[in-house]
Amino acid sequence: MSVDAATVRRIAHLARIAVSEDEVPHLQGELNAMLDFVEQLSEVNVEGVEPMTSVTPMQMKKRQDVVDDGGIADQIVANAPATEGHFFLVPKVVE
Amino acid sequence: MTDLTSLMLAEARKGLAAKTFTSLELTDAHLSAIEKARMLNAFVMETPEQARSMAREADARIARGDGGPLAGIPLGIKDLFATKGVRTTACSKILGNFVPTYESTVTSQLWRDGAVMLGKLNNDEFAMGSANETSCFGPVGNPWRREGSNTTLVPGGSSGGSASAVAALLCMGATATDTGGSIRQPAAFTATVGIKPTYGRCSRWGIVAFASSLDQAGPIARSVRDAAMLLRSMAGHDPKDTTSVDIAVPDYEAAIGKSVKGMKIGIPKEYRLDGMPAEIEKLWSAGADWLKAAGAELVEVSLPHTKYALPAYYIVAPAEASSNLARYDGVRYGLREQAKNVTELYENTRARGFGAEVRRRVMIGTYVLSAGYYDAYYLRAQKVRTLIKKDFEDCFARGVNAILTPATPSAAFGIGEKGGADPVEMYLNDIFTVTVNMAGLPGIAVPAGMDAQGLPLGLQLIGRPFEEETLFSLGEVIEQAAGRFTPARWW
């Protein structure tokens, strides 16, 4: 399988990465080189094989349903580029 | 007094305990070595004041008789580990001047045991790379050069800063992480020892995530014994990482010097690649001979799905990365590009903040997870991963204790020499190491010899899950036989 220019633009949008028109051909070439490389997996017989979900056989750990952290709003916003009080600021979303 | 930077960690520990020198002296010696080696670009942030204050505290602890196992030992920390109050960037522009308000579990355990932080080490951006060329702080120089040449070579990646700093004697050991070979490949390129432990052995909490089902932390060190000492402090159960295992951490150092007599060592025929350089082949059989001379039994084994590990990795790792890196949105931390609306804010921030390799991997990961392609790519890759793991399980079930392979398909190469036209050329560096991450197994790279141009080459040992001790015992046999390799100082 290979991707065309329109698909490259669609993937970029899904990934939320701005891509200019003149970057598209280059990216298309690189993505197709990667897709060519992984194409060899289609020759493996995976009939009846379970997909891996955990590399070490382990039970999903569950924690107690208690509050054991929190009250650190100052720390949470400490690295934010734009804040007001304990809120993150973003451009207006709803008109 | 001999140059304190040339000591092994184990020797430094003895000297500190005997009060031959102080941690402050040992730390100052390394800080001055770092200053003189800035052209290697191994450190992206030096923390001399913090280092001296930690050293003084370690000296006080040693004087009181309660110095921990690493009391007073100066270390470098890969910039992927969150360090409280010290800028942590994963060497990406998108994290900007991110200063964590918390400490990663692995580093906090090193400080608990008395270690001293010298600073933060360079790496490939978000650990995506095999040459340390994708860092936003620029490439790292390998202390090793080809005989009679002034060309600067890459130290490997992604833990290139860690490997370069340890090889150049700028720190006594370093933390590193390994998703497809990022500890073992740079260790092999710099004649240092690097171990990626079993998945779940070290907590991933507070380490910038790349591909969560593959990422593991481990040390890069000057010797097998030093690596064992560091791993003992780094490993252990952490309730904050649900994939960290609740198994007691053994005294890895006790495995050094233990007899390997009767151990069964597998030589996988699929690792004998067409066109493999003769010197790698030679080194591999030398390694087998050394283990045999130590009493191990060599057997040929087959890992039939080996060739599919790298392509499967280039689906699984980018897929997980595209999900993990979704958090870099210009809202909560790091870089923010101005925009008219929130979608443009995300798109512009991520376009400007991520480097080319990261953008490429996030996009391929987004593609393989997108509607209509998930089954053909991601699901198939996860099934292939099951088969890769089963190859190893079958081999271990036949009584094999460990598997011996080359660590890399070549020695270090020049900056800008590989991957310019086709990204896959660079990816092939990890062909011998990536299988181990796909199966979650422990793997160690040990320096084993030199190529014709005077560059170091390493061998890799792959072990059963949670049997790192076996790797330390076998690794030390190789180390003893091969000897130690130190680069001539030119920086």
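Now for a description of the structure that goes with this document. Everything quoted here is computed from the prediction, not taken from an experiment.

**Some points on the overall build of chain B**
Secondary structure summary: chain B contains 15 helices and 11 strands in total. Rg of the C-alpha trace for chain B: 21 Å, near the compact-globule value of 23 Å for 491 residues, within the 12% margin. In chain B, buried positions account for 62% of the 491 residues. Taking all contacts inside chain B whose residues are at least 6 apart in sequence as the whole, residues at least 24 apart take part in 77%.

**What about the interface of chain B and chain A?**
Taken residue by residue, the interface counts 55 residues in chain B and 37 residues in chain A. Those elements that place two or more of their residues in the side of chain B that touches chain A are helix 9 (309–324), helix 10 (342–353), helix 11 (356–369), helix 12 (375–397) and helix 13 (423–427) of chain B. If one sorts the elements of the side of chain B that touches chain A by residue count, helix 12 of chain B sits on top with 10 residues. Partitioning the side of chain B that touches chain A into residue classes produces 30 nonpolar, 13 polar and 12 charged.

**Focus: the nonpolar core**
If you look at the biggest cluster of nonpolar residues, it comprises 171 residues, and the most contacted ones within it are Leu75, Val116 and Ile315 of chain B. Beyond its immediate chain neighbours, meaning those up to four positions away, valine 116 of chain B contacts Ser23, Thr27, Ala51, Met54, Ala55, Ala58, Gly72, Ile73, Pro74 and Leu75 of chain B.

**A few points about the packing of helix 9 of chain B against helix 12 of chain B**
Residues and elements named next belong to chain B. One way to put it is that helix 9 packs onto helix 12 with a least axis distance of 9 Å and a crossing angle of 125°. By the angle between their axes, helix 9 is oblique relative to helix 12. Helix 12 is crossed by helix 9, and the crossing has left-handed handedness. Mapping the contact onto sequence places Ala309, Ala312, Ile315, Val316 and Ala319 in helix 9 and Tyr377, Tyr378, Ala381, Gln382, Val384, Arg385 and Ile388 in helix 12. Of the residues contributing to the contact of helix 9 with helix 12, the split by class is 10 nonpolar, one polar and one charged.

**Digging into the pairing of strand 4 (residues 173–178) of chain B**
Residues and elements named next belong to chain B. With six of its six residues buried, strand 4 lies for the most part within the structure. Judged by which residues are buried, strand 4 turns out to be covered on both faces: Gly173, Thr175 and Thr177 on one side and Ala174, Ala176 and Asp178 on the other are all buried. Strand direction decides the pairing type here: strand 4 and strand 6 (residues 216–221), joined by six bridges, are antiparallel. Note on strand 6: the bridge partner recorded for threonine 177 is alanine 217.

**Description of the environment of valine 154 of chain B**
All names here are of chain B. Along the chain, valine 154 falls in the loop between strand 3 (116–121) and helix 5 (160–167). Assessed through the 28 C-beta atoms surrounding it within 10 Å, valine 154 is described here as buried. Sequence separation between valine 154 and tryptophan 144 is 10 residues, and the spatial gap between their C-alpha atoms is 9.0 Å. Residues contacting valine 154, with those up to four places away along its chain left out, are Ala131, Asn132, Glu133, Pro139, Asn142, Gly160, Ala412, Phe413 and Ile415.

**Let's talk about the packing of helix 1 (residues 5–14) of chain A against helix 2 (residues 24–38) of chain A**
All names here are of chain A. Two elements in contact, helix 1 and helix 2, have axes whose closest approach is 9 Å; the angle formed by their N-to-C orientations is 90°. On the basis of the axis angle, helix 1 is roughly perpendicular to helix 2. Across from Ala5, Val8 and Arg9 in helix 1, the residues of helix 2 making contact are Val24, Leu27, Gln28 and Leu31. Among the residues making up the contact of helix 1 with helix 2, the classes are represented as five nonpolar, one polar and one charged.

Rules used throughout
- Sequence order sets the numbering: in each chain, residues are counted from 1 along the sequence as written.
- Labels are handed out in written order, letters beginning with A for the chains and numbers beginning with 1 for the ligands.
- Since the coordinates come from a predicted model, pLDDT governs what is reported: local features require at least 70, and pairs of side-chain atoms require 80 or more to be given and counted, while whole-chain, interface and lining totals use all residues.
- Only runs of H or I of at least four residues qualify as helices and only runs of E of at least two qualify as strands under DSSP, and these elements are numbered from the N terminus.
- Our radius of gyration is a C-alpha quantity, and the globule rule it is checked against amounts to 2.2 Å times the number of residues to the power 0.38.
- With C-beta atoms placed from the backbone, the exposure class of a residue follows from how many other C-beta atoms lie within 10 Å of its own: 20 or more, buried; 12 or fewer, exposed; in between, partly exposed.
- Here the contact rule is simple: place C-beta atoms from the backbone, and any two residues whose C-beta atoms are within 7 Å are in contact.
- Basically, the charged four are Asp, Glu, Lys and Arg, the nonpolar ten are Ala, Val, Leu, Ile, Met, Phe, Trp, Tyr, Cys and Pro, and anything else, Gly included, counts as polar.
- In plain words, the nonpolar core is the set of buried Ala, Val, Leu, Ile, Met, Phe, Trp, Tyr and Cys residues that C-beta atoms within 7 Å link up.
- In this analysis an axis means a line fitted to C-alpha atoms, helices contributing only their contacting stretch, and an angle means the value between N-to-C directions, from 0 to 180 degrees.
- Throughout this description, any angle smaller than 35 degrees is read as roughly parallel, any larger than 145 degrees as roughly antiparallel, any in the 65 to 115 degree range as roughly perpendicular, and the remainder as oblique.
- Handedness of a crossing follows from how the near helix is turned relative to the far one, being left-handed for an anticlockwise turn of less than a right angle and right-handed for a clockwise one.
- What makes two strands pair is DSSP finding at least two bridges between them.

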